Amino acid sequence: MSVDISGGHLNPAVTLAMIVTGNIRVGKGIGYIAAQFLGAICGAAILRFSFGEQVAGNMGIHNIGNGMGIFGGIVLEFCITFILVYVIFSVGVNRKGPSTFAAIAIGFTVMINHLVAIPFTGASMNPARTLGPAVVTASYDHLYIYFIGPPLGAVAAGTFYQFGYLHVFENDNQEYFTVQ
């Protein structure tokens, strides 16, 4: 499992939020981000080579849907990534959070975000996931949307949780999430 090797870092936007909030060292985080992008490109290339262009098609390239503008795409990717990273910080970073349910909470969040956003932006939430197929198919239309929205949403969520929400509760002397 990736959690045993990298702490489950599969998304550069999430890793960036962890760097900004001090939950991972900068050097280690940059190494993870490089590995995430390289892994996405290699994975997409392996799929393309294994199944061929006819079967692989566009390989799930993300792009904005009809009627969705560039700014709207950035805002939607910001929002769904904010929600995802807030959940990750709640169940995976917060030592008092319900970490035993982390996989369920994160997976459910990804599913709901996909149900809402796939028709509009493809629901990337992950710049590496978007870059891999784009490089292999040489399709770079609107790629910048996925390099602006998700990282900004992730950093905003991580910062809000770490220095806002979590800070308030850690400085309060009351115990939360306990049965009395």
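Rules and cut-offs
Residues numbered from 1 in each chain as written. Predicted model: local features only at pLDDT ≥ 70, side-chain atom pairs only at ≥ 80, totals over all residues. Heavy atoms only, no water. Phe/Tyr/Trp six-rings, centres within 6.5 Å; stacked < 30°, edge-to-face > 60°. Helix = DSSP H or I, 4+ residues; strand = E, 2+ residues; numbered from the N terminus. Buried < 20%, exposed > 50% of the residue type's maximum accessible area, 1.4 Å probe, protein only. Lys, Arg positive; Asp, Glu negative; His and termini not counted. Salt bridge = Lys/Arg side-chain N within 4 Å of Asp/Glu carboxyl O. Polar contact = N/O pair within 3.5 Å; in protein donor to acceptor, adjacent residues only side chain to side chain. Contact = heavy atoms within 4.5 Å. Core = buried A, V, L, I, M, F, W, Y, C linked by side-chain atoms within 4.5 Å.

Colleague: For this particular structure, what's the right way to read the packing of aromatic side chains?
Modeller: For any pair of aromatic rings, geometry is given as the distance between the ring centres together with the angle between the planes. According to the stated counting rule, one finds seven aromatic pairs in the structure shown. A centroid spacing of 6.1 Å and a plane angle of 35° characterise the contact between tyrosine 86 and phenylalanine 160, whose relative ring orientation is tilted. Linking tyrosine 86 in helix α4 (residues 70-93) with phenylalanine 160 in helix α7 (residues 145-171), this pair joins segments that are 74 residues apart in sequence. Overall, the relative accessible area of 22% leaves tyrosine 86 in the partly exposed class. Pairing tyrosine 86 with tyrosine 161 gives two aromatic rings, centres 5.1 Å apart and planes at 80°, and the pair type is edge-to-face. In this pair, tyrosine 86 is assigned in helix α4 and tyrosine 161 in helix α7, connecting sequence segments 75 residues apart. These aromatic residues form a ring-pair network of at least three members: Phe78, Phe82, Tyr86, Phe89, Phe160 and Tyr161.

Colleague: When you look at the side chain of glutamate 77 in this model, what are you seeing that I'm missing?
Modeller: Relative to the helices and strands, glutamate 77 resides in helix α4. Among buried charged residues, glutamate 77 stands out as having no salt bridge; its nearest opposite-charge side chain is arginine 129, 10 Å away. Among the polar contacts listed, one links the side chain of glutamate 77 to the backbone nitrogen of serine 124, at a separation of 3.1 Å. Separated by 2.9 Å, the side chain of glutamate 77 and the backbone nitrogen of methionine 125 make a polar contact. Setting aside residues up to four positions removed in sequence, glutamate 77 forms contacts with Thr121, Ala123, Ser124, Met125, Ile145, Tyr146, Gly149 and Pro150.

Colleague: What exactly am I supposed to notice about unusual backbone geometry here?
Modeller: The phi torsion of most residues other than glycine is negative, and most of the peptide bonds are trans. The phi dihedral of methionine 125 is positive, around 60°, even though this residue is not glycine. Looking at where methionine 125 falls in the secondary structure, it is placed in the loop between α5 (102-121) and α6 (127-137). Its relative accessible area of 3% is what places methionine 125 among the buried residues. Here alanine 138, not a glycine, exhibits a phi torsion of approximately 55°, which is positive. Looking at the secondary structure, you find alanine 138 in the loop between α6 and α7.

Colleague: Would you explain the nonpolar core in this entry?
Modeller: Soluble, globular proteins show a tendency: their nonpolar side chains are buried together. In terms of nonpolar packing, the biggest core is built from 32 residues, with Met18, Ile80, Val85 and Phe89 touching the most fellow members. Only α2 (12-20), α3 (26-56), α4, α6 and α7 provide two or more residues apiece to this core. Here the element with the most residues in this core is α4; it accounts for eight residues. Residues in contact with methionine 18, not counting those within four places in the same chain, are His9, Asn23, Ile24, Ile88, Phe89 and Val93.

Colleague: Any chance you could explain the environment of tyrosine 144 here in plain terms?
Modeller: The residue tyrosine 144 is located in the loop between α6 and α7 in this model. Taking the C-alpha atoms as reference, tyrosine 144 lies 9.4 Å from isoleucine 70; in sequence the two are 74 residues apart.

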